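Results of the structural survey
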Amino acid sequence: MASFSFSLFLLSVSLSLIPILCTNSEGNALHALRSKLSDPKNVLQSWDPTLVNPCTWFHVTCDANSHVIRLDLGNSNISGSLGSELGELKHLQYLELYWNNIGGKIPKELGNLKNLVSMDLYGNNFEGEIPKSLSKLKSLRFLRLNNNKLSGPIPRELTTLSNLKIFDVSNNNLCGTIPVDGPFTSFPMESFENNKLNGPELQGLVSYDFGC
């Protein structure tokens, strides 16, 4: 009987540690992000990796289960790059990094953020192509990538994002044609201006990457 009670005790302890382990992994991911960023205004000063979880950090919002659901670092004068670690924030719903000086490529691992509703990366120095992996974000409603240095075509895979309401890639170096399927039927042309795009895709007549 005593051994059975001890086993139950061990089980309860193990279960109680699960959320801590989860939030620790999220804290580790955020701290790895911090190590890639220059922060002249010290907006990340509270990001202390020795804490149990990152829910007490400024610019981080958690849900009732201590999972990180929002990252608000818009207009924070930070620079540097993003890494694959952001893909570990499995519960993230809002990624707000607009109007900074972040450069490099948009990590393909952002496609792992299945709960993401809004991704605002506009007003930075991101370059390279828009990752096709973003097409896995089926909950995504807002995708704003405008005012960067992105190149290549607009991935056709993004036409499968049926919940997408706002899509803005204006003021980049994108090429090819503009998709005309799925949610792209309702996006205004202003969302695509100041690129090297050749206008809407003429299905069956030219390749979507025509001009790239």
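Fair warning: this is a prediction, and the values are worked out from it, not measured in the lab.

Scoring rules and cut-offs
Residues numbered from 1 in each chain as written. Predicted model: local features only at pLDDT ≥ 70, side-chain atom pairs only at ≥ 80, totals over all residues. Heavy atoms only, no water. Salt bridge = Lys/Arg side-chain N within 4 Å of Asp/Glu carboxyl O. Helix = DSSP H or I, 4+ residues; strand = E, 2+ residues; numbered from the N terminus. Buried < 20%, exposed > 50% of the residue type's maximum accessible area, 1.4 Å probe, protein only. Phe/Tyr/Trp six-rings, centres within 6.5 Å; stacked < 30°, edge-to-face > 60°. Lys NZ or Arg CZ within 6 Å of the ring centre and 35° of its normal. pLDDT = per-residue confidence, 0-100. Contact = heavy atoms within 4.5 Å.

**Some remarks on the pattern of salt bridges**
- If you walk through the whole model with that rule in mind, you get four salt bridges.
- In this structure, the salt-bridge partner of lysine 36 is glutamate 85, at a minimum N-O distance of 3.1 Å. Of this pair, lysine 36 sits in the loop between α1 (2-35) and β1 (37-38) while glutamate 85 is found in the loop between β4 (79-81) and β5 (94-96), placing the two residues 49 residues apart along the sequence.
- Among the residues examined, lysine 36 registers a relative accessible area of 35% and is labelled partly exposed.
- Look at glutamate 85 and you get buried, because its relative accessible area is 10%.
- Between arginine 70 and aspartate 72 there is a salt bridge, and its shortest N-O distance comes to 2.8 Å.
- On the accessibility criterion, arginine 70 (29% relative accessible area) is partly exposed.
- Under the relative-accessibility criterion, aspartate 72 is labelled partly exposed at 26%.

**Focus: the packing of aromatic side chains**
- For the structure on display, the rule yields eight aromatic pairs.
- Each ring, one from tryptophan 99 and one from tyrosine 122, has its centre 5.7 Å from the other, and the planes form 90°; the classification is edge-to-face. A residue pair is termed long-range when its members are at least 10 positions apart, and tryptophan 99 in the loop between β5 and β6 (101-105) and tyrosine 122 in the loop between β7 (118-120) and β8 (125-128) qualify at 23 residues.
- Look at tryptophan 99 and you get partly exposed, because its relative accessible area is 43%.
- Overall, the relative accessible area of 17% leaves tyrosine 122 in the buried class.
- Seen in terms of ring centroids, phenylalanine 184 and phenylalanine 187 are 5.1 Å apart; in terms of plane orientation they differ by 75°. Their pairing is edge-to-face. Across the pair, phenylalanine 187 and phenylalanine 184 agree in class, each one buried.
- Through a chain of ring-to-ring contacts, the aromatic side chains of Phe167, Phe184, Phe187 and Phe192 assemble into a single cluster.
- The ring of tyrosine 94 has arginine 70 sitting right over it, with the charged end atom 4.5 Å from the ring centre.

**A few points about the confidence of the model for the protein**
- Confidence in the prediction of the protein, expressed as mean pLDDT, is 89, and 86% of residues score 70 or more.
- Low pLDDT, under 50, characterises residues 6-22; the predicted model gives this stretch three contacts beyond four residues in sequence or across chains.

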